[in-house]
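A structural walkthrough
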Amino acid sequence: MSQNRWAQQTLWGWGRYPRVESLVARPERRKEVLDALADRQGDPVLAFGLGRCYGDAALLREGRVVLTRRLDRMLAFDPETGWLRCEAGVSLEEILHTFVPRGFFPPVVPGTQFVTVGGAIACDIHGKNHHVDGSFADHIRRVELLVADGRVVTCGPDEEPELFWATVGGMGLTGLILSCELQLARIDNPYIEMESIRVENLEQFFEVSAESGHFTHTVSWLDCVTTGKATGRGIFMRGRHAPAGTTGGLSLLSRLGRAAPALINFPVDGPDWMLNQATIKAFNEVYFRKHPKGQVNSIVHYEPFFFPLDAVRNWNRMYGNRGFLQYQFVVPPDPSHKAIRLVLEEITRSGLGSFLAVIKEFGERQHGGISFPAPGPMIALDFGIAGQPLFDLLDRLDRIVLDAGGRIYLGKDSRVPRHVFEQMFPELPKWKAVRDAWDPGHVFQSELGRRLGLSGGQR
Amino acid sequence: MSVLILGATSRIAHELAHRYAENGQSVFVAARDADEAARVAADVGVRTEGTCASGRFDATDFAGHAAFLDSVRETVGPIEVAILAFGDMGDQHASEGDFEAARHVIDVNYTAAVSICELLAASMTERAAGSIVGIASVAGDRGRQSNYIYGSAKGAFALYLQGLRNRLFKSGVHVMTVKLGFVDTRMTYGLKTGIPIAAPDAVSRAIFDAQRGRSDVFYYPHFWRGIMSVVKAIPEAAFKRLSL
């Protein structure tokens with residue numbers, strides 16, 4: 001008899017748009033996960049970790065969602081090599097908490113530590129070190145996957161390589177990730193040697209980026225409201241793990257956030273107008289001017305460097321009940337930066353501001369399939385859901401990205417049209433063939449997968 | 001110094017294993033599903049860098065209890081703290097129509113606990129030291145139509161622990177009864193209630209502290225003591241008409 005209890009529950013991603021009702025189970029033992037697949041009664045199935053995909057990647061209407069949070073056992077660790085074997089529901093926060101004091105760091109971290117390793121593989125997440133270390137899956141040697149026919153299959157670069165290839169960045173549609181082996185990187189202490197440089201325009205961003213190759217971590221905040229000669233101005237941050245003997249402290253915000261998470265919290269929805277063109281413009285001006293001209297060097301704790309927004313719990317509620325989304329794309333390198341300029345112009349013309357915008361140049365490493373990272377400049381833009389004008393703007397941005405040979409990130413998406421998506425990923429037919437071979441009955445589905453024809457067909 | 005945790009695949013037991021291991025004690029976790037117990041032990045070992053062994057424990061294999069405890073002692077030495085976290089809620093409805101189902105619930109929650117506790121009491125009395133922690137339930141405080149088979153077994157367990165505490169007091173052996181209200185575990189998953197549900201790691205910290213403080217009867221979350229005193233105070237003539 002199965003021991004899973006399926007509860008009717010409404011789930012949403014980090015953008016809180018859309019929200020979808022499903023039958024949801026939360027297994028705590030390995031056997032219960034296997035049961036979950038067995039007692040699905042014909043319904044499609046999907047895993048859900050910490051819900052940090054922004055859109056509909058982890059949602060499934062009229063289906064069964066398996067919460068992986070309680071499958072969070074760390075199974076083995078080799079301090080000689082840094083290899084960690086753990087279950088899919090272990091979060092990067094737990095890995096950091098456990099291993100930073102022992103001199104290890106996750107090989108790749110995104111902008112939040114509240115993601116599971118299962119989600120990190122399914123989205124093939126990237127971080128500030130992509131130009132040096134590639135993406136998350138570049139540090140994975142083995143994934144244990146529950147596949148559609150009920151078997152548990154181990155895959156990796158050397159074992160069932162096609163299944164592994166399709167699972168990395170595969171948005172959870174090849175099977176349910178049970179566990180993995182990932183290699184943690186050595187560090188000497190929790191601190192980052194950081195340099196921040198005020199860049200006055202897009203041209204300067206690319207100059208600084210080009211000369212920052214010797215820094216393992218780079219990213220730049222981007223003011224995407226200001227136009228004219230200052231288009232693309234921002235604050236470029238570059239850093240590396242600090243050498244032995246470095247000391248430092250936490251930022252005020254992080255210390256407050258640690259001492260009283262409830263204090264630095266956004267427990268209720270902000271009003272829908274809170275982030276509008278005017279407030280965003282004002283914020284951008286202040287944030288930019290606050291940084292002195294030129295360069296500032298500092299030693300910072302890894303938390304404010306990697307996860308500045310984690311200090312404010314539920315910051316996603318700032319956007320109000322309407323929710324928000326992130327438009328994240330990468331385009332191939334182009335000396336004239338035409339696509340980037342067109343995108344920024346398009347946003348300005350629309351009158352829709354992006355409160356949070358970042359830009360970074362990815363490195364050469366590319367996984368393929370439907371994994372996101374590819375060489376070239378990447379931009380991520382947050383937008384409050386503003387109805388048709390926003391979706392029209394994003395359609396125009398799609399056009400620019402597509403014309404430049406770029407693509408968008410499925411982990412953040414909730415709206416890209418299928419025909420656009422299909423042109424963005426040339427290896428999609430190959431990916432689909434592998435996926436379908438392992439799951440011909442489309443057991444694993446998601447709202448995103450249905451929308452884009454990845455699994456479950458048109459809806 | 002070693003700590004034995006029985007029923008280790010429950011989330012509370014898993015968290016408790018962490019608490020003792022990070023406190024430097026050797027922990028042995030056991031459960032009917034030995035593979036799962038091994039995963040719990042591995043997790044405790046990796047996260048705490050402490051010692052955590054595991055093994056198979058079948059609560060209803062009464063005849064095997066003595067040998068099981070011997071094997072635990074062989075692995076981690078004398079048992080300083082024993083925590084009984086195993087249990088089976090069963091299915092009240094099934095238990096009403098099928099005596100075997102009811103007996104299973106009684107055996108797991110009560111008979112097995114008596115068998116193990118008597119064996120533990122014998123060795124702890126000999127050493128005049130030790131602590132037995134039994135995880136009972138607020139369901140054992142008053143019989144209700146919705147879960148009285150499970151409730152009566154847990155209630156009997158609490159009564160048993162009361163007697164054992166009385167008997168072992170002069171030997172210096174500590175016996176603690178833990179009565180848990182709603183905790184965010186498999187048992188309460190999907191439950192819709194206005195009463196706050198406690199996080200397992202908070203529960204484990206509270207039990208850990210209470211055990212070290214040699215508490216006798218410990219409700220967690222604490223407000224359940226109040227809730228249950230009200231529930232117990234309702235006259236039977238009225239209570240029998242309620243559907244709780």
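Source: prediction; values computed, not measured. (Residues numbered from 1 in each chain as written. Chains lettered and ligands numbered in written order. Predicted model: local features only at pLDDT ≥ 70, side-chain atom pairs only at ≥ 80, totals over all residues. Heavy atoms only, no water.)

1. Quick word on the overall build of chain B
Rule in force here: Each helix is a run of DSSP H or I of at least 4 residues and each strand a run of E of at least 2, with the numbering of both proceeding from the N terminus. In this treatment the radius of gyration is a C-alpha quantity, and the globule benchmark scales as 2.2 Å times the residue count to the 0.38 power. Contacts were defined at the residue level, with two residues in contact if any of their heavy atoms lie within 4.5 Å. Accessible surface area values rest on a Shrake-Rupley calculation with a 1.4 Å probe, where residue burial reflects the displayed protein chains alone. Residues scored as charged are limited to Lys and Arg (positive) and Asp and Glu (negative), so that His and the chain ends carry no count. Where a charge lies is defined by one atom per residue type: Lys uses NZ, Arg uses CZ, Asp uses CG and Glu uses CD.
When helices and strands are tallied, chain B shows nine helices and seven strands. A compact globule built from 244 residues should have a C-alpha radius of gyration of about 18 Å, and chain B, at 18 Å, falls within 12% of that. Judged by the C-alpha coordinates and their principal axes, chain B covers about 55 × 35 × 35 Å. Here the analysis covers contacts within chain B between residues at least 6 apart in sequence; of these, 71% occur between residues at least 24 apart. Entry remark: accessible area of chain B is about 10600 Å², with carbon and sulfur atoms responsible for 54%. Across chain B, the centroid of the 25 positively charged side chains sits 7 Å from that of the 26 negatively charged ones.

2. Details of the overall build of chain A
For clarity, the cut-off: Burial here depends on accessible area, computed with a 1.4 Å probe over protein chains only, as a share of the maximum for the residue type. Under 20% is buried, over 50% is exposed, and the range in between is partly exposed.
A tally of regular secondary structure across chain A gives 14 helices and 19 strands. In terms of C-alpha radius of gyration, chain A reaches 21 Å, essentially the compact-globule figure of 23 Å for 459 residues. Dimensions of chain A along its principal axes, counting C-alpha atoms only, are 65 × 55 × 40 Å. The buried share of chain A, taken over its 459 residues, is 60%. Long-range pairs, those at least 24 residues apart, make up 73% of the contacts in chain A between residues at least 6 apart in sequence.

3. Thoughts on the interface of chain A and chain B
Rules: The quantity reported as buried area is the accessible area (1.4 Å probe) lost by two parts once they are put together, taken as the sum for both. Salt bridges are defined by distance alone: a side-chain nitrogen of Lys or Arg within 4 Å of a carboxyl oxygen of Asp or Glu. Whenever a nitrogen or oxygen atom comes within 3.5 Å of another N or O atom, the pair is scored as a polar contact, on the condition that within protein one atom can donate a hydrogen and the other can accept it, and that pairs from neighbouring residues in sequence are kept only if both atoms are in side chains.
At the junction of the two partners, chain A supplies 27 residues and chain B supplies 21 residues. Across the interface of chain A and chain B, roughly 2200 Å² is buried in total on both sides, 39% from carbon and sulfur atoms. Taken as a group, A:Arg5, A:Arg29 and A:Arg73 account for 28% of the area that chain A buries against chain B, more than any other trio of residues on that side. Here chain A is connected to chain B by eight salt bridges. At the junction of chain A and chain B, the tally comes to 20 residue pairs in polar contact (both at pLDDT 80 or more). Secondary-structure elements contributing two or more residues to the side of chain A that touches chain B are strand 1 (7–12), strand 2 (19–25), helix 1 (30–38), strand 5 (74–77), strand 6 (83–87) and helix 2 (92–99) of chain A. Looking at which element gives the most residues to the side of chain A that touches chain B, the answer is strand 5 of chain A, with four residues.

4. Brief notes about the sheet that holds strand 5 of chain A
Here is the rule: A strand pair is defined by DSSP finding two or more bridges across the two strands. Structural elements are reduced to axes, namely lines fitted to C-alpha atoms, with helices fitted over the stretch in contact, and the angle between N-to-C directions of any two is expressed from 0 to 180 degrees.
The sheet built from five strands is open, its strands ordered 5-6-10-8-9 (chain A) with antiparallel pairing. If you trace the sheet from one side to the other, it starts and ends with strand 5 and strand 9 (152–155) of chain A, each paired once. Averaged over all pairs of adjacent strands, the angle between their axes in this sheet comes to 15°, without regard to strand direction. Where helix 2 (residues 34–48) of chain B meets the sheet, its contacts fall on strand 5 and strand 6 of chain A, and the angle it forms with strand 5 of chain A comes to roughly 55°.

5. Considering the domain arrangement of chain A
All names here are of chain A. For clarity, the threshold we go by: An automatic or database domain assignment supplies the start and end points of every domain. Note on residue categories: nonpolar means Ala, Val, Leu, Ile, Met, Phe, Trp, Tyr, Cys or Pro, charged means Asp, Glu, Lys or Arg, and polar means any other residue, Gly included.
According to the domain assignment, chain A contains domain 1 (74–187) and domain 2 (191–415). Measuring from the centre of the C-alpha atoms in domain 1 to the corresponding centre in domain 2 gives 24 Å. At the junction of the two partners, domain 1 supplies 29 residues and domain 2 supplies 32 residues. Between domain 1 and domain 2, roughly 2600 Å² of surface is buried when both sides are summed, and carbon and sulfur atoms account for 62% of that area. Summed over the shared surface of domain 1 and domain 2, the number is one salt bridge. For the pair domain 1 and domain 2, the interface holds twelve residue pairs in polar contact (both at pLDDT 80 or more). With four residues, the single largest contributor to the side of domain 1 that touches domain 2 is helix 4 (residues 130–133). Here the side of domain 1 that touches domain 2 is composed, by residue class, of 13 nonpolar, twelve polar and four charged.

6. Overview of unusual backbone geometry
A cis amide bond links A:Tyr17 to the next residue, A:Pro18, at an omega of -5°. Looking at where A:Pro18 falls in the secondary structure, it is placed in the loop between strand 1 and strand 2. Following B:Tyr220, the chain continues to B:Pro221 via a peptide bond in cis, the omega torsion being -10°. Mapped onto the elements, B:Pro221 comes out in the loop between strand 7 (217–220) and helix 8 (223–233). A positive phi angle, close to 55°, is found at A:Met171, a residue other than glycine. Topologically, A:Met171 is positioned in the loop between helix 5 (161–167) and strand 10 (176–183). The backbone of B:Arg214 sits at a positive phi, close to 50°, despite the residue not being glycine.

7. Focus on the environment of A:Phe355
Residue and element names in this part refer to chain A. With respect to the helices and strands, Phe355 occurs in the loop between helix 10 (338–350) and strand 17 (357–362). As for Phe355 and Gly376, which are separated by 21 residues in sequence, their C-alpha atoms are 23 Å apart. Discounting residues that sit within four places of it in the chain, Phe355 has contacts with Leu275, Ile280, Phe283, Asn284, Met318, Tyr319 and Asp382.

8. Overview of the pattern of salt bridges
Close approach of charged atoms lets side chains of opposite charge pair. All names here are of chain B. A complete count under the given rule lists 50 salt bridges over all chains for this structure. Put simply, Arg11 and Glu15 hold a salt bridge, and the shortest N to O gap is 3.9 Å. One end of the pair is Arg11 and the other is Glu15, both in helix 1 (residues 11–22) and four residues apart, which spans about a single turn. A single burial state applies to Arg11 and to Glu15, both of which are buried. Glu100 is paired through a salt bridge with Arg103; the nearest N and O atoms lie 3.3 Å apart. Of the two residues, Glu100 and Arg103 both sit in helix 5 (residues 99–127), three residues apart, roughly one turn of that helix. We classify Glu100 as partly exposed; its relative accessible area is 45%.

9. Focus on the side chain of B:Arg142
Residue and element names in this part refer to chain B. Secondary-structure assignment places Arg142 in the loop between strand 5 (131–137) and helix 6 (148–168). At 2.8 Å, the side chain of Arg142 and the backbone oxygen of Val231 are in polar contact. Residues in contact with Arg142, not counting those within four places in the same chain, are Val231, Lys232, Ala233, Ile234, Pro235, Glu236 and Phe239.

10. As for the pairing of strand 14 (residues 234–241) of chain A
All names here are of chain A. Counting buried positions along strand 14 yields six of eight residues, so the element is predominantly enclosed. In terms of strand pairing, strand 12 (residues 191–199) meets strand 14 through eight bridges, oriented antiparallel. Of the residues in strand 14, the one forming a bridge with Val199 is Gly234. Pairing between strand 13 (residues 217–222) and strand 14: six bridges, direction antiparallel. Paired with Ser220 across the two strands is Phe236, which belongs to strand 14.

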